[in-house]
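# Summary of the model geometry
Letter by letter, the chains look like this.
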Amino acid sequence: MKKLLVSILAVSAMMTLCACGASSSNKLVMATNAAFPPYEYIEGKEIVGIDAEIAKLIADDLGKELIIEDMAFDSIIAAVQSGKADIAMAGMTVTEDRKQNINFSDPYTEAAQVIVVKNDSTVASPDDLAGKRIGVQIGTTGDIYAEDIENAEIERYSKYFEAINALLQDKIDAVIVDREPGKVFVSENPELKMIDEEFTVEEYAIGVAKENTELLDQINASLKKLKDSGKIDEIIGKYIKAE
Ligand code: GLN
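Residues numbered from 1 in each chain as written. Predicted model: local features only at pLDDT ≥ 70, side-chain atom pairs only at ≥ 80, totals over all residues. Heavy atoms only, no water.

## Here we look at the site of the ligand
In the vicinity of the ligand, 14 residues are found, and the nearest of them are G91, T93, R98, T141 and D178. Here an oxygen atom of the ligand sits 2.8 Å away from a polar atom, N or O, in the side chain of R98. Here a nitrogen atom of the ligand sits 2.6 Å away from a polar atom, N or O, in the side chain of D178. About the coverage of the ligand: the protein hides 100% of its 290 Å² of free accessible area. Broken down by class, the residue content of the shell around the ligand amounts to six nonpolar, five polar and three charged. (Near = heavy atom within 4 Å. Polar contact = N/O pair within 3.5 Å; in protein donor to acceptor, adjacent residues only side chain to side chain. Areas by Shrake-Rupley, 256 points an atom, 1.4 Å probe, with all protein chains shown as cover. Nonpolar A, V, L, I, M, F, W, Y, C, P; charged D, E, K, R; others polar.)

Right, here's the structure in full:
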């Protein structure tokens, strides 16, 4: 009995520690999925990319150490809600549904969903996707849009790379993906092309737990400084070359 009580006390002490949370610590923990170039990807042993660089500048500005946690895209929101991470930064599109679960900072860049197909595909516009086998990354806005396509068969992958591989093997007819990662995948695979017509325009922002309004305010203030000084454009320009 005594032993049980001790362990209950230990657990509650741990929980108290967790509740005072990452935000009041000197660390800024970012939840991401590092398979989304040029926003976040692994180079050597490091996670690099636009989001990683912007997050580093925000952490510096807040006097915190940036820690990046790599996980499945569809685990990121839960990680922020539970306090396992302070921020979600993963080329994450602001959506009404997600706003039910987390708060978003001011947007830091624009994005779009595009279609990637094989060079010989007859798909030339979003309308041609009806009845096709479409690959998406699970839990993304591409996944959500695919659901609206008439008679489409949706194949959900845990990583875009897997969807691209399935496309190369003709297991699916098209992949719906964000524009810049789509460009990277096409540049790496000469058998693939991107359909020019973008079928949604979106905005990326940083996700923060609902109750963590202090951090949200700090992030928005940092983002404003970084936008005004041209730093955000500079980082984006380093990874995305103007055509
Ligand atoms: N922008 C898309 C979304 O938010 C995809 C993001 C991602 O896969 N990292 O759903």
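The structure having been displayed, the exposition proceeds.
## Topic: the side chain of T109
Note that T109 resides in strand β8 (residues 109–118). Residues contacting T109, with those up to four places away along its chain left out, are Y39, E202, E203, Y204 and I236. (Helix = DSSP H or I, 4+ residues; strand = E, 2+ residues; numbered from the N terminus. Contact = heavy atoms within 4.5 Å.)

## Quick word on helix α9 (residues 231–239)
All of the buried residues along α9 are I232, I235, I236 and Y239. All buried residues of α9 lie within an arc of 95° about the axis, which places them on one face of the element. Exposed and oriented more than 90 degrees from the buried face of α9 are D233 and K238. For α9, the secondary structure elements touched by its buried residues are β3 (40–43), β4 (46–48), α2 (50–61), β8 and α8 (213–228). (Buried < 20%, exposed > 50% of the residue type's maximum accessible area, 1.4 Å probe, protein only. Arc of directions from axis to C-beta.)

## Quick look at helix α7 (residues 179–188)
Those residues of α7 that sit buried are E180, P181, G182, V184, F185 and V186. In this fold, the buried residues of α7 make contact with β2 (35–36), β8, α6 (160–168), β11 (174–178) and β12 (192–204).

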